[in-house]
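Read off the chains here:
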Amino acid sequence: MTYDLPFFALLDGTPEGTPYPQQVHDLGLLHVPSGRIEASDPYVTLGEGLVVRVEPGSYPAFVTVADVSEERDGSHLREAYLSLVLSDGGPVAEVRGVTPEGAEPADDGEHYGVGVDAGTVGFADAEAIVRCMPREDDSTDWYDLLFDSGEPTSWFELMDSPGHYREGSANITMPLATAGENVVLSHSGWGDGFYPVVTTHAADGTLLGVHIDLLVAGPDDEADDEEADAEEAATERATA
């Protein structure tokens, strides 16, 4: 199903159609040996997110960050897309909403995506989560053991570290990994909410990437409203 929202992932500069300058940041590789990519809020639903099937492999991950400051001076940055690049098979010709594993296609105007309750989105290999994360029970809680352990290697600390890829994002090896199985994480733009998962395709249909659209990029609605108000005022003056 063709995606019906503006889309500017992996574009540096100020793409036509959005007023916000963007910068793309490399987040290393995501290992997907099973070919089953899970998209989730990793602090809340890791292991329970939607799954998209791809060819098994290791794929470059990127976060596209938009400058939404009024002066466009870099003082207000928001993550706009978390992306995996699956192929360099040419320019993007089509953006599609995903149909997750085991699901029926969405109705027109609706999209599958990630529900966010901890201000974070992430990608991981769905089968690696089962193998490489410790089992949670009454004595083992991921939050205290991994996410906010107080150690420099805690997931919160790595996401807050400007020396680990970039502040606000992380690439973290799962604690029981044997072959580098990992999670790529990013803050979710404006925070909690629901964010569509989409795929990009070349003109011949080749799958180019999987993306979480954090609904930051696009027209500046406030600027559009101001322009409309100005035009209305000018019309009123002209007809007075």
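Refer to the preceding data block for the structure.
All of these numbers come straight from a predicted model, not from anything done at the bench. (Residues numbered from 1 in each chain as written. Predicted model: local features only at pLDDT ≥ 70, side-chain atom pairs only at ≥ 80, totals over all residues. Heavy atoms only, no water.)

Draft legend 1. Here's a closer look at the nonpolar core. Residues Leu82, Phe123, Val197 and Ile212 are the most contacted members of the largest nonpolar core, which totals 26 residues. The dominant element in this core, judged by the number of residues it contributes, is strand 4 (residues 57-67), at four residues. Excluding residues within four positions of it along the chain, Leu82 makes contact with Leu27, Phe62, Val63, Val121, Gly122, Phe123, Val184, Ser186, Val210, His211, Ile212 and Leu214. Ranked by size, the runner-up nonpolar core spans 18 residues in total, among them Trp155, Leu158, Ile172 and Val183. (Core = buried A, V, L, I, M, F, W, Y, C linked by side-chain atoms within 4.5 Å. Buried < 20%, exposed > 50% of the residue type's maximum accessible area, 1.4 Å probe, protein only. Helix = DSSP H or I, 4+ residues; strand = E, 2+ residues; numbered from the N terminus. Contact = heavy atoms within 4.5 Å.)

Draft legend 2. A look at a negative patch on the surface. Negative charge collects at one region of the surface, where Glu136, Asp137, Asp141, Asp144, Asp148, Glu157, Asp160 and Glu167 lie side by side. On the secondary structure map, Asp144 appears in helix 2 (residues 142-147). (Patch = residues over 30% accessible without salt bridge, like charges linked within 9 Å, V, L, I, M, F, W, Y side chains within 5 Å. Areas by Shrake-Rupley, 256 points an atom, 1.4 Å probe, with all protein chains shown as cover. Salt bridge = Lys/Arg side-chain N within 4 Å of Asp/Glu carboxyl O. Lys, Arg positive; Asp, Glu negative; His and termini not counted. Charge placed at Lys NZ, Arg CZ, Asp CG, Glu CD.)

Draft legend 3. Structural context of the side chain of His211. Assignment of secondary structure puts His211 in strand 12 (residues 207-213). Residue His211 is classed as buried on the basis of its relative accessible area, which comes to 2%. Here Thr200 takes part through its side chain, which lies 2.9 Å from a polar atom of the side chain of His211. The residues touching His211, leaving out its near neighbours within four places in the chain, are Phe7, Ala9, Leu10, Leu82, Ser83, Phe123, Pro196, Val197, Val198 and Thr200. (Polar contact = N/O pair within 3.5 Å; in protein donor to acceptor, adjacent residues only side chain to side chain.)

Draft legend 4. The sheet that holds strand 10 (residues 182-187), seen in detail. Strand order across the open sheet formed by five strands is 3-2-8-10-9, with antiparallel pairing between neighbours. Every interior strand has two partners, whereas the edge strands, strand 3 (50-53) and strand 9 (169-173), have only one. For this sheet the average axis-to-axis angle between neighbouring strands, irrespective of direction, equals 20°. Of the strand pairs in this sheet, strand 8 (residues 120-125) and strand 10 are connected by five bridges, and their pairing is antiparallel. Note on strand 10: the bridge partner recorded for Val121 is Ser186. (Pairing = 2+ DSSP bridges. Axes fitted to C-alpha atoms, helices over the stretch in contact; angles between N-to-C directions.)

Draft legend 5. Here's a closer look at unusual backbone geometry. The backbone phi angle of Arg72 is positive, close to 55°, even though this residue is not glycine. For Arg72, the position within the fold is in the loop between strand 4 and strand 5 (77-85). Look at Arg72 and you get partly exposed, because its relative accessible area is 29%. Phi at Tyr165 is positive, roughly 65°, even though this residue is not glycine. With respect to the helices and strands, the residue Tyr165 is situated in the loop between helix 3 (155-160) and strand 9. Judged by relative accessible area, Tyr165 falls into the partly exposed class, the value being 42%.

Draft legend 6. Molecular detail of the environment of Met133. One can find Met133 in the loop between helix 1 (126-132) and helix 2. On a C-alpha basis, the gap between Met133 and Glu151 in space is 18 Å, while along the polypeptide they are 18 residues apart. Discounting residues that sit within four places of it in the chain, Met133 has contacts with Leu46, Ala128, Trp142, Leu146, Trp155, Met174, Pro175 and Leu176.

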